[in-house]
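One letter stands for each residue in the lines below.
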Amino acid sequence: MSGQPDLGRADLVSMLAELTASPADQVPDRLGSMELAWLVHMVEQRYDRRLDLSDDQLAGIRTVDDALAVFRGSLTAPADG
């Protein structure tokens, strides 16, 4: 994938709303391990690409904005293969 992915904060919040069956405006900004795993899974499905995040990257994701920054960086990195 080249260029900036079309992934935005609203996309991640919508994915979390789906997980929690809550309105998007009630989705908390802080992420737990289950929410993070869900987001990784959903982003991988959406872009048909494995994110292959390091332990340090995963440990640094505490909020929706953190996740967005890490996911965008991973999606814009050249794919192995």
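All chains use their own residue numbering, which begins from 1 and follows the written sequence. Per-residue local features of the predicted model are confined to residues with pLDDT of at least 70, and side-chain atom pairs are confined, for both listing and counting, to 80 or more; whole-chain, interface and lining totals are unaffected and use all residues. For the side-chain quantities, the full set of heavy atoms in the structure was used; hydrogens and water were omitted.

Now, about the overall build of the protein: what can you tell me, with residues and values included?
In this description a helix means any DSSP run of H or I spanning at least four residues, a strand means any run of E spanning at least two, and both kinds are numbered starting from the N terminus. Helix and strand content of the protein: four helices and zero strands. Along the protein, helices (α) and strands (β) appear in the sequence α-α-α-α when read from the amino end. Computation of the radius of gyration draws on C-alpha atoms alone. For the globule rule, the value is 2.2 Å times the number of residues to the power 0.38. Taking 2.2 N^0.38 as the reference for a compact globule, 81 residues should give roughly 12 Å; the C-alpha atoms of the protein span a radius of gyration of 12 Å, in line with that estimate. Dimensions along the principal axes, computed over C-alpha positions, put the protein at roughly 40 × 25 × 15 Å. Residue exposure (1.4 Å probe, protein chains only): buried if accessible area is under 20% of the type maximum, exposed if over 50%, otherwise partly exposed. Out of the 81 residues in the protein, the part that is buried amounts to 35%. Calculation of accessible area relied on Shrake-Rupley with a 1.4 Å probe; when residues are assessed, cover is drawn exclusively from the protein chains displayed. When the accessible surface of the protein is split by element, carbon and sulfur atoms take 48% of a total near 5,000 Å². For the protein, the separation between the mean place of its 7 positive charges and that of its 14 negative charges on side chains is 3 Å. For the purpose of counting charges, residues Lys and Arg are taken to be positive, whereas Asp and Glu are taken to be negative. His and the chain ends are not included. The location of each charge is read from NZ of Lys, CZ of Arg, CG of Asp or CD of Glu.

An account of the packing of helix H1 (residues 9-20) against helix H2 (residues 33-47) is needed here, citing residue identities and associated values.
The description of two helices packed together rests on the angle between their axes and the distance between the axes. Here an angle of 0 to 180 degrees is reported between the N-to-C directions of two axes, which are lines fitted to C-alpha atoms, with helices fitted over the stretch in contact. Between H1 and H2, whose axes approach to 10 Å, the crossing angle comes to 120 degrees. Here H1 and H2 pass one another in a crossing that is right-handed. Residues Asp11, Leu12, Met15, Leu16, Glu18 and Leu19 of H1 pack against Met34, Glu35, Trp38, Leu39, Met42, Val43 and Arg46 of H2. Handedness of a crossing is defined here by the sense of rotation of the near helix relative to the far one, left-handed for an anticlockwise turn of less than a right angle and right-handed for a clockwise turn. Contacts: residue pairs with any heavy atoms within 4.5 Å of one another.

By themselves, these observations are geometric and do not establish any function.
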